[in-house]
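As a plain string of letters, each chain reads:
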Amino acid sequence: MAAGLSGVRGVRAVALGGSRARGAHRTDSDWDLGVYYRGGVDVAGLAALAEELTGAAVEVAGPGGWGPWVNGGAWLTVDGVRIDWILRDLDRVESVWADCREGRYEVGVQAGHPLGFWSPAYAGEVALCRVLADPAGELAALRAQTGTYPEPLRKALVDAAWEAEFSVAVAAKSAGARAGAGDPLHVSLCLSRAFGILAQSLHAHQRMWLLNEKGALTGAATLPAAPPDFAARVAGALRGLDASAVAAAGALVREVRGRLV
């Protein structure tokens, strides 16, 4: 499949990503293929290849079809196996990597990413992928670079933990003094944002790439700077969503920030 994809006009490289690339997959996990292109990609060519592989018409979302960051791609089922094609603009990935080396990042609104898409994920995807097809060696060269976590990015993401404390303070204004008297949607959004930021900061502190929210709490809880009961305390605060839960979240945020030194 990677060989077929690399023959589509515009495609420069194909990589295996996700849990299967990291060896953290389950038997039922999808196969994620990153399809890296430059200057646009032949969407009709991708659709033709998908139909050839599946025996049925497949809807392929071109660049921008799935939003500004996830970009586009297709969902396939081949012989009962789920396979995702995920488009990536290689020029943009390289630009984001240049920003990462300078300690700059963005958090963009993106469908499927309730806490936003953190731009360093582009570099992390390359660092953690398995290159399957790369005729000009472009992705392999970038992968070699991203193997070293940039210290300026580490500092920027660790420093971002200030916003977690700010989000908890905002949540306190909506929690309400009595059970059932607050605004649970706003509180849950604020606390989720706070804990998502802590997960980013904890991973960066350990010089580890964090690609998305899925599994972020479990991963963060295993890191040396996280309190031993980190995951349980996060879960407790998200179940409560009242004034006491917000207070507990605030204590957890302050404790983690104190460890990020």
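Owing to the predicted nature of the structure, the values given are computational and were not obtained by experimental measurement. (Residues numbered from 1 in each chain as written. Predicted model: local features only at pLDDT ≥ 70, side-chain atom pairs only at ≥ 80, totals over all residues. Heavy atoms only, no water.)

Participant: So what's going on with the pattern of salt bridges? Residues and values would help.
Facilitator: Taken as a whole, this structure holds 16 salt bridges when the rule is applied. Of the charged contacts, one joins Asp 30 and Arg 82 as a salt bridge, the two residues approaching to 2.5 Å between their closest N and O atoms. With a gap of 52 residues between them, Asp 30 in the loop between helix 2 (18-22) and strand 2 (31-37) and Arg 82 in strand 4 (residues 81-89) connect regions that are remote in the sequence. The class for Asp 30 is partly exposed, based on a relative accessible area of 25%. By sharing partners, the salt bridges in this structure join Arg 12, Arg 38, Asp 91, Glu 94 and Glu 138 into a single network. (Salt bridge = Lys/Arg side-chain N within 4 Å of Asp/Glu carboxyl O. Helix = DSSP H or I, 4+ residues; strand = E, 2+ residues; numbered from the N terminus. Buried < 20%, exposed > 50% of the residue type's maximum accessible area, 1.4 Å probe, protein only.)

Participant: Describe the packing of helix 8 (residues 162-175) against helix 12 (residues 243-259), listing the residues and the values that go with them.
Facilitator: At a closest axis distance of 9 Å, the pairing of helix 8 and helix 12 adopts a crossing angle of 170 degrees. On the basis of the axis angle, helix 8 is roughly antiparallel to helix 12. Residues Trp 162, Ala 164, Glu 165, Val 168, Ala 171, Ala 172 and Ala 175 of helix 8 form the contact with helix 12, whose own contacting residues are Ala 243, Val 246, Ala 249, Gly 250, Val 253, Arg 254 and Arg 257. Classifying every residue of the contact of helix 8 with helix 12 by side-chain character gives ten nonpolar, one polar and three charged. (Axes fitted to C-alpha atoms, helices over the stretch in contact; angles between N-to-C directions. Parallel < 35°, antiparallel > 145°, perpendicular 65-115°, else oblique. Contact = heavy atoms within 4.5 Å. Nonpolar A, V, L, I, M, F, W, Y, C, P; charged D, E, K, R; others polar.)

Participant: Report on the sheet that holds strand 7 (residues 130-133), specifying residues and quantitative values.
Facilitator: Taken in spatial order, the five strands make up an open sheet running 3-4-2-1-7, and their pairing is mixed. Each of the sheet's edge strands pairs with one partner strand only, and the pair in question is strand 3 (73-78) and strand 7. Averaged over all pairs of adjacent strands, the angle between their axes in this sheet comes to 30 degrees, without regard to strand direction. Pairing of strand 1 (residues 11-17) with strand 7, which is carried by three bridges, proceeds in the antiparallel orientation. Bridging across to strand 7, Leu 16 finds its partner in Arg 130. Here helix 3 (residues 43-54) sits on the sheet in contact with strand 3 and strand 4, set at roughly 15 degrees to strand 3. Across the face of the sheet, helix 4 (residues 90-101) comes into contact with strand 1, strand 2 and strand 4 while running at roughly 70 degrees to strand 4. (Pairing = 2+ DSSP bridges.)

Participant: Could you give an account of unusual backbone geometry, naming the residues involved and the relevant values?
Facilitator: For Asn 71, which is not glycine, the phi torsion reads 80 degrees and is therefore positive. Judged by relative accessible area, which is 8%, Asn 71 ranks as buried. For Arg 207, which is not glycine, the phi dihedral falls at a positive 60 degrees. With respect to the element layout, Arg 207 can be found in the loop between helix 9 (184-205) and helix 10 (216-221). When its relative accessible area of 42% is taken as the criterion, Arg 207 is described as partly exposed.

Participant: Talk me through the packing of helix 9 against helix 12; I want residue IDs and the actual numbers.
Facilitator: Viewed as axis vectors pointing N to C, helix 9 and helix 12 meet at an angle of 15 degrees, and their least axial separation amounts to 11 Å. Taken together, helix 9 and helix 12 sit at an angle that is classed as roughly parallel. Considering how the two elements wind past one another, helix 9 and helix 12 form a crossing that is left-handed. Every residue of helix 12 that contacts helix 9 at Val 187, Leu 191, Phe 195, Leu 198, Leu 202 and His 205 is listed here: Val 246, Ala 249, Leu 252, Val 253, Val 256 and Arg 259. (Left-handed = near helix turned anticlockwise from the far one by under 90°.)

Participant: Go over the packing of aromatic side chains with me, naming the residues and quoting the values.
Facilitator: Counted by the stated rule, this structure contains eight aromatic pairs. Where Trp 66 meets Trp 75, the ring centres are 5.6 Å apart and the plane angle is 35 degrees; that geometry is what we call tilted. Residue Trp 66 is classed as partly exposed on the basis of its relative accessible area, which comes to 25%. Since its relative accessible area comes to 65%, Trp 75 is described here as exposed. Directly above the ring of Trp 69 sits Arg 92, whose terminal nitrogen or CZ lies 3.9 Å from the centroid. (Phe/Tyr/Trp six-rings, centres within 6.5 Å; stacked < 30°, edge-to-face > 60°. Lys NZ or Arg CZ within 6 Å of the ring centre and 35° of its normal.)

Participant: Break down the environment of Trp 66 for me, with residues and values.
Facilitator: One can find Trp 66 in the loop between helix 3 and strand 3. Sequence separation of Trp 66 and Gln 110 is 44 residues, and the distance between their C-alpha atoms is 8.4 Å. Non-local contacts of Trp 66, meaning those with residues more than four positions away in its chain, are made with Ala 61, Asn 71, Gly 72, Gly 73, Ala 74, Trp 75, Trp 85 and Gln 110.

Participant: Provide a residue-level description of helix 9, including the pertinent values.
Facilitator: Here helix 9 contains 22 residues, and its C-alpha end-to-end distance of 31 Å stays within 8% of the 32 Å for a straight helix at 1.5 Å per residue. Downstream of helix 9 by a residue or two, Arg 207 has a phi angle that is positive, lying close to 60 degrees. (Expected span 1.5 Å × (residues − 1).)

Participant: Tell me what's going on with the pairing of strand 1, and back it up with residues and numbers.
Facilitator: Of all the seven residues making up strand 1, six are buried; the element is thus mostly covered by neighbouring parts of the structure. In terms of strand pairing, strand 1 meets strand 2 through six bridges, oriented antiparallel. Residue pairing in the sheet places Val 14 in a bridge with Val 35 of strand 2.

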